[in-house]
Amino acid sequence: MTANIIGIAGWSGSGKTTLLEYLLPQLAARGLRVNVIKHSHHDLVLEDKQKDSARARAAGAVEVLVSSPFRFAVMHELRGEPEPTLAEHVQRMTPADLTLVEGYKWEPIPKIEVYRPSHRPAALYTDNPDVVVVASDVPAPAALPRGLTWLDLNQPEQVLQWLLTYIDKNKRMACERMTDGIDVNLDPDHAHAGVAHLRSMH
């Protein structure tokens, strides 16, 4: 899996998409290429069923690619096949400086948790060791787990600065590992190693 990948985790309605809407233009303005992967437990309705592409899929096409001068989309019908893993989705996408993942709460990748206790008191970071940052609208608790970074969700520039540091440090780690002959894009232990490194930086 790609080195620069981080999850944006949190319960539905906590503000994950709002945070992404802030981060994406800020990162793009700095010349960074950013991919986003969004997981849904629901069926994906991407077009009216009367559209030609939808009719082609309904007629039996495995994949339909729709292209225009502005964008293109590939729709793949699983038809009973297992859902691809996150790693498989990442490999299918074009290279980027950062891949942000919304959903996949329990996937073993470093995560930023968006936490609003007034919305839902239960936090993910207490049970999920992959959460390395909490962006919240309340102050950090006294008994904050060692190595966990707590940021102010109402000041999203804090999250932006943390991400920029994350990208820079991960690039340097990737260079060091490539020097040692390890391809971080294929190393299955890289995600867990990245979590440990991030927690040790605090």
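Please refer to the structure placed before this passage.
Below: a short report on this structure. Remember, it's a predicted structure, so these values are computed and weren't measured experimentally. (Residues numbered from 1 in each chain as written. Predicted model: local features only at pLDDT ≥ 70, side-chain atom pairs only at ≥ 80, totals over all residues. Heavy atoms only, no water.)

A look at the environment of Ile37
Selection criterion: The way it works is that DSSP assigns letters per residue, a run of H or I at least four long becomes a helix, a run of E at least two long becomes a strand, and they are numbered from the N terminus. Exposure is judged per residue with a 1.4 Å probe applied to protein chains only, and the accessible area is read against the type maximum: over 50% gives exposed, under 20% gives buried, and values in between give partly exposed. Between two residues, a contact is recorded if the distance between any of their heavy atoms is within 4.5 Å.
With respect to the helices, strands and loops of the structure, Ile37 is situated in strand 2 (residues 34-38). By relative accessible area, Ile37 is classed as buried at 7%. The spacing of Ile37 and Leu86 is 49 residues in sequence and 8.6 Å in space, taken between C-alpha atoms. If near-sequence neighbours (up to four positions away) are discounted, Ile37 is found in contact with Leu86, His89, Val90, Met93, Thr99, Leu100, Val101, Glu102 and Tyr104.

Quick word on the nonpolar core
Condition: By nonpolar core we mean a set of buried residues, namely Ala, Val, Leu, Ile, Met, Phe, Trp, Tyr and Cys, connected to one another through side-chain atoms within 4.5 Å.
By size, the foremost hydrophobic cluster in this structure holds 22 residues, and its most contacted members are Ile6, Leu27, Leu98, Ile112, Trp162 and Leu163. At the level of secondary structure, the elements contributing two or more residues to this core comprise strand 1 (5-9), helix 1 (16-29), strand 5 (98-102), strand 6 (111-115), strand 7 (131-136) and helix 4 (157-179). Those residues within four positions of Ile112 in sequence are excluded, and the remaining contacts are Ile6, Gly7, Ile8, Ala9, Val133, Ala135, Val159, Trp162 and Leu163.

Points about the pattern of salt bridges
Spelled out, the test is: A pair is scored as a salt bridge if a Lys or Arg side-chain nitrogen falls within 4 Å of a carboxyl oxygen belonging to Asp or Glu.
Under the criterion given, the structure shown has 6 salt bridges. With a closest N to O distance of 2.3 Å, Glu47 and Arg57 form a salt bridge. You can see Glu47 sitting in the loop between strand 2 and helix 2 (52-59) and its partner Arg57 sitting in helix 2, a full 10 residues away along the chain. On the basis of relative accessibility, which here comes to 15%, the residue Arg57 falls in the buried class. Across the pair Arg57 and Glu77 runs a salt bridge, and its minimum N-O distance is 2.5 Å. Of the two residues, Arg57 is situated in helix 2 and Glu77 in the loop between strand 4 (72-76) and helix 3 (86-92); the sequence distance between them amounts to 20 residues. Among the residues examined, Glu77 registers a relative accessible area of 23% and is labelled partly exposed. Among the charged side chains, a network of salt bridges with common partners joins Glu47, Arg57 and Glu77.

A few points about unusual backbone geometry
Its identity as a non-glycine residue notwithstanding, Arg79 has a phi of 50°, on the positive side. Look at Arg79 and you get partly exposed, because its relative accessible area is 48%. Here Tyr104, not a glycine, exhibits a phi torsion of approximately 50°, which is positive. The residue Tyr104 is located in the loop between strand 5 and strand 6 in this model.

Things to note about the sheet that holds strand 5
What counts, and what does not: Strand pairing requires that DSSP identify at least two bridges connecting the strands. To define axes, lines are fitted to C-alpha atoms, for helices over the stretch in contact only, and angles between the resulting N-to-C directions are given on a 0 to 180 degree scale.
One open sheet holds the 6 strands; their spatial order is 2-5-1-6-7-8, and the pairing between them is parallel. If you trace the sheet from one side to the other, it starts and ends with strand 2 and strand 8 (149-152), each paired once. Between one strand axis and the next, the sheet turns by 25° as a mean value, whatever way the strands run. Relative to strand 5, strand 1 runs parallel, the two sharing 4 bridges. Counterpart to Ile5 in the pairing with strand 5 is Thr99. Across the sheet, helix 1 is in contact with strand 1, strand 2, strand 5 and strand 6; its angle to strand 5 comes to roughly 170°.

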